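Chain by chain, the residues run as shown.
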Amino acid sequence: MERLEMFCYQCSQTARGTGCTVKGVCGKEPTVARLQDNLIYAIKGMSAYLYHARELGYTDTEIDAFLEKAFYTTFTNVNFDAESLVQLALEAGKMNLKTMELLNKAHIKTYGEPEPTKVQTGTAKGRGIIVTGHGLKAIEELLKQTEGTGINVYTHSEMLPAHGYPGLKKYKHLSGNLGKAWFDQKKLFAEYPVAILATSNCALIPKEEYKDRMFTTGPVRLPGVRHIDGYDFTPVIEKAKSLPELEEKTGDIVLTTGFSKSVILSLAEKIKKLVENGKIKHFFLVGGCDSPVGRGNYYTEFVKLLPKDTVVLTLACGKFRFNDLELGDIEGIPRLIDLGQCNDAIVAIEIASALAELFGVGVNELPLTLSLSWMEQKAVVILWSLLAIGIKGIYLGPILPAWVNDDILKVLTDNYDIKLIGNPVEDIKAMLA
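One structure accompanies this document, and this report is about it. (Residues numbered from 1 in each chain as written. Predicted model: local features only at pLDDT ≥ 70, side-chain atom pairs only at ≥ 80, totals over all residues. Heavy atoms only, no water.)

**Brief notes about the packing of aromatic side chains**
Under the defined criterion, the tally for this structure stands at nine aromatic pairs. When the centroid spacing of 5.9 Å and the interplanar angle of 15 degrees are considered together, the rings of W182 and W374 count as stacked. Of the two residues, W182 is situated in the loop between strand 6 (174-177) and helix 6 (185-191) and W374 in the loop between strand 16 (368-373) and helix 13 (377-388); the sequence distance between them amounts to 192 residues. According to the relative accessible area criterion, W374 is buried, its value standing at 18%. Between Y298 and Y299, the aromatic rings sit 5.0 Å apart at their centres with planes inclined by 80 degrees, giving edge-to-face as the arrangement. Here the two residues Y298 and Y299 agree in accessibility, since each one is buried. Members of the aromatic cluster, connected to one another through ring pairs, are F284, Y298, Y299 and F302. The ring of Y231 has K137 sitting right over it, with the charged end atom 5.3 Å from the ring centre. (Phe/Tyr/Trp six-rings, centres within 6.5 Å; stacked < 30°, edge-to-face > 60°. Helix = DSSP H or I, 4+ residues; strand = E, 2+ residues; numbered from the N terminus. Buried < 20%, exposed > 50% of the residue type's maximum accessible area, 1.4 Å probe, protein only. Lys NZ or Arg CZ within 6 Å of the ring centre and 35° of its normal.)

**A few points about the side chain of N79**
As for its position among the elements, N79 is in the loop between helix 2 (61-75) and helix 3 (82-111). Given the relative accessible area of 11%, N79 is considered buried. Polar side-chain contacts of N79 include one of 2.9 Å to the backbone nitrogen of D81. Aside from chain neighbours lying at most four places away, what touches N79 is V32, Q36, T73, S84, L85 and L88. (Polar contact = N/O pair within 3.5 Å; in protein donor to acceptor, adjacent residues only side chain to side chain. Contact = heavy atoms within 4.5 Å.)

**Some words on unusual backbone geometry**
The omega torsion across G397 and P398 is -10 degrees, close enough to zero to call that bond cis. Of note, C202 is a non-glycine position whose phi angle comes to about 75 degrees, a positive value. Tracing the sequence through the fold places C202 in the loop between strand 7 (195-198) and helix 7 (208-211). Relative accessible area serves as the criterion here: at 28%, C202 is assigned to the partly exposed category. Non-glycine residue D417 carries a positive phi angle of around 55 degrees. Tracing the chain through its elements places D417 in the loop between helix 14 (406-416) and strand 18 (419-420). Assessed through its relative accessible area of 35%, D417 is described here as partly exposed.

**Side note on helix 15 (residues 424-432)**
Residue pairs three or four apart in sequence face the same way in an α-helix, which turns once every 3.6 residues. Among the residues of helix 15, P424, D427, I428 and M431 are the ones counted as buried. Buried residues of helix 15, viewed axially, fall in a sector of 100 degrees; they line one side. The elements touched by buried residues of helix 15 are strand 11 (282-288), helix 11 (297-305), strand 16 and strand 17 (395-397). Where helix 15 begins, the side chain of N423 points an oxygen toward the backbone nitrogen of V425, at a separation of 2.8 Å. (Arc of directions from axis to C-beta.)

**Some details on empty space enclosed by the protein**
Applying the stated criterion across every chain, the model contains two cavities of 30 Å³ or more. Roughly 140 Å³ of volume is contained in the largest cavity. Residue lining of the largest cavity: 16 residues in total, with G288, L315, A345, L372 and I382 positioned closest to the centre. For the lining of the largest cavity, the secondary structure elements donating two or more residues are strand 11, helix 12 (345-359) and helix 13. Examining the composition of the lining of the largest cavity, we find that five residues originate from one element, helix 13, more than from any other. The residue makeup of the lining of the largest cavity, split by class, is 13 nonpolar, two polar and one charged. The space that makes up the second largest cavity amounts to roughly 30 Å³. (1 Å grid on protein atoms, 1.4 Å probe; cavity = no way out; pocket = protein on both sides within 12 Å on 5 of 7 lines; lining within 4 Å. Points joined across faces, edges and corners; volume = space filled by probe spheres on them. Nonpolar A, V, L, I, M, F, W, Y, C, P; charged D, E, K, R; others polar.)

Shown next as structure tokens:
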């Protein structure tokens, strides 16, 4: 398992391997410093979700109050107690559940509940705009302003689930999806002569060859890239009009997204019967943030190797490692079910809770295994959300979170049975044992 290096701004030291080995000016124990970093990552991720909810008019004073406490704790060096910092991380996980519920409510109230939708890859004839990020408000405004202009709008990475919302899919020029996870954008954006709009995190410093046709909005800022305050996307549209038309080039892959809680629960009795009859043996939640490392291929091989009597739930950009695979169905139940963006982890949690109630067992007794990829800010807080509600036996990889050292890993494995991914064949055997 690879480890990332971290830089301590207090001590002006670069920490490698299992962590800082020297107490610097701050006097912090290495584990305390890392737990503070963990809490910072968690509240950054939660703040991103809260920002998008606020865009749509939804707020929560309890969440705001927790963020104040958490920022105060981490940025003013008032808490040096490791056990207390773990409890704060669990509290962050609980607050993130409220945050994801709030954002999910905002999305559904604004755009309707997602429904299973097939999404074409490749290009349609005409000029285009690619939208990347998580900001549904931004893509909605862009779709309104481009209606009737002959410009096609394409989604990239975490924007793929936009196709499942009735209030967004009604725009016929929401044409399809281009590319995969966030880190392919430098190659992707250079390949297509279109305007580009970045709406949230995971926007990379652009290459010169497309910098002049890239735009940012909301919290995103990139050097040399024009920023748009508010939602008047006239400059993006004018740039798109000035670029050459794309040719009709339909991709070989058709993706499916938009499985909401109500869609899955409408199938609950059928799922229960298939499980009781031994036709569905196991469920896997495979998702998280994809990372540009070779070991990310683990998830492709993992899903390929799963028995045909298993079902894969997925969300976030980690799904791009395998969402182009043809897994088929089990008597009408798709074997690959895309629940949406990373914030739609709340949907997965609610589905798991409903199935546990249906079968009369606890969530940890369900035939369900979670395998989560890479722990950046949003994934960090989702991990703590899962731990906060008592989920155990989660598999993590391909990189350990940067804030984890051996002491923290021991707490996670001893208390929550966290496991690190290894060989997909052996992991599947263990999960199904």
